[in-house]
Amino acid sequence: MPNSEPPRLVVGVSGASGIVYGLRALDACRELGIESHLVMSKAAALTLAQETKLSPADVNARAGVTHKVSDIGAAIASGSFKTLGMIVAPCSVRTMSEIATGVTSSLLTRAADVTLKERRPLVLMVRETPLHLGHLRTLVKLAEMGAIIAPPLPAFYAQPASLEAMVDQSVGRALDLFGLSWTPVKRWGQDIGPMPHDTADDSGKAEI
């Protein structure tokens, strides 16, 4: 990618509960100077109305570039369009299942398939519980194909003081997988928990 172009990240938002993860991923990209390429499924628009007071236009405004889910000729549908990879936040069972089969029916899953074939990071923030055996087998298949399964589980060691902080920790840890460091993330041994010097006694020797 030419140095004159900003790094790009594809952000897929599917219809699972937890659309706030996708929204914060877009916010993080803007703060980090990453050109986000947004593609939302039709079901995601329904979830947006259920879980927020935002409109699809509000979400589009957070993205650097938006793509219609039906536009299979969009730039992100081609491996020649260079990106850092793709995050699907949240990722529904239907979306993960389509990606696993390779039979993609929308730009969202086509872009994910392209990410895998180009050996770029594909991070799936899968939102479903409990998981039956079929779900688990699909997740194993995706991992074998090269996808990174990153459910947005709360990190209580970060001592989040709000739901927003909990969301940001999950999103930030997912962005770590692209080599992106987002300020809201609380890091063990750096911001919280024992610091490196805590493991040594006064003589400078590490305790056993």
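Note: the structure precedes this text.
Scope of this entry: the structure provided in the associated data block. (Residues numbered from 1 in each chain as written. Predicted model: local features only at pLDDT ≥ 70, side-chain atom pairs only at ≥ 80, totals over all residues. Heavy atoms only, no water.)

1. Quick word on the side chain of Thr-109
Now for step 1: Tracing the sequence through the fold places Thr-109 in helix 5 (residues 107-117).
Now for step 2: In this structure Thr-109 comes out as buried when scored by relative accessible area, which is 2%.
Now for step 3: There is a polar contact of 3.4 Å between the side chain of Thr-109 and the backbone nitrogen of Ser-105.
Now for step 4: With sequence-adjacent residues up to four places away left out, Thr-109 is seen in contact with Thr-95, Glu-98, Ile-99 and Thr-104. (Helix = DSSP H or I, 4+ residues; strand = E, 2+ residues; numbered from the N terminus. Buried < 20%, exposed > 50% of the residue type's maximum accessible area, 1.4 Å probe, protein only. Polar contact = N/O pair within 3.5 Å; in protein donor to acceptor, adjacent residues only side chain to side chain. Contact = heavy atoms within 4.5 Å.)

2. Here we look at the side chain of Ser-170
Now for step 1: Within the secondary structure, Ser-170 is located in helix 7 (residues 163-176).
Now for step 2: Once you skip the residues sitting within four places of it in the chain, Ser-170 turns out to touch Tyr-21, Met-125, Pro-152 and Leu-153.

3. A closer look at the packing of helix 1 (residues 19-32) against helix 7
Now for step 1: Here helix 1 crosses helix 7 at 60°, and the two axes come no closer than 10 Å. One finds that helix 1 runs oblique with respect to helix 7. The element helix 1 and its partner helix 7 pack so that their crossing is right-handed. Between helix 1 and helix 7, the contacting residues are Val-20, Tyr-21, Arg-24, Ala-25, Ala-28 and Leu-32 on the first element and Val-167, Asp-168, Ser-170, Val-171 and Leu-175 on the second.
Now for step 2: Looking at the contact of helix 1 with helix 7, its residues break down into 8 nonpolar, 1 polar and 2 charged. (Axes fitted to C-alpha atoms, helices over the stretch in contact; angles between N-to-C directions. Parallel < 35°, antiparallel > 145°, perpendicular 65-115°, else oblique. Left-handed = near helix turned anticlockwise from the far one by under 90°. Nonpolar A, V, L, I, M, F, W, Y, C, P; charged D, E, K, R; others polar.)

4. Quick look at the pairing of strand 5 (residues 122-126)
Now for step 1: The buried fraction of strand 5 amounts to 5 of the 5 residues, a majority that puts the element mostly inside the structure.
Now for step 2: Burial of the side chains of strand 5 extends over both faces: Leu-122, Leu-124 and Val-126 are buried on one face and Val-123 and Met-125 on the other.
Now for step 3: The pairing of strand 4 (residues 86-91) with strand 5 spans 4 bridges and is classified as parallel. Looking at the pairing, Val-88 lines up with Leu-124 of strand 5. (Pairing = 2+ DSSP bridges.)

5. What about helix 1?
Now for step 1: Its 14 residues give helix 1 an end-to-end C-alpha distance of 20 Å, which sits within 8% of 20 Å, the value for a rise of 1.5 Å per residue.
Now for step 2: Burial in helix 1 covers these residues: Ile-19, Tyr-21, Gly-22, Leu-23, Ala-25, Leu-26, Asp-27, Ala-28 and Cys-29.
Now for step 3: Where helix 1 terminates, the next one or two residues include Gly-33, which has phi positive at roughly 75°. (Expected span 1.5 Å × (residues − 1).)

6. Digging into the environment of His-67
Now for step 1: Tracing the sequence through the fold places His-67 in strand 3 (residues 65-67).
Now for step 2: According to the relative accessible area criterion, His-67 is buried, its value standing at 15%.
Now for step 3: When the C-alpha positions of His-67 and Leu-108 are compared, they lie 9.2 Å apart, and in sequence the two are 41 residues distant.
Now for step 4: Every residue in contact with His-67, bar those within four places of it in the chain, is listed here: His-37, Leu-38, Val-39, Met-40, Ala-74, Ala-75, Ile-76 and Leu-107.
Now for step 5: A polar contact is formed between the side chain of His-67 and the side chain of His-37, at a distance of 2.9 Å.

7. Notes on the sheet that holds strand 5
Now for step 1: On the basis of which strands lie adjacent, the open sheet formed by 6 strands has the order 3-2-1-4-5-6 and parallel pairing. One side of each edge strand has no neighbouring strand; the edge strands of this open sheet are strand 3 and strand 6 (148-149).
Now for step 2: Pairing of strand 1 (residues 8-13) with strand 2 (residues 35-40), which is carried by 6 bridges, proceeds in the parallel orientation. By the bridge assignment, Val-11 is partnered in strand 2 with Leu-38.
Now for step 3: Sitting on the sheet, helix 4 (residues 93-101) is in contact with strand 4 and strand 5, with an inclination near 140° to strand 4.
Now for step 4: Packing against the sheet, helix 7 makes contact with strand 1, strand 4 and strand 5, and its axis sits at approximately 160° to strand 5.

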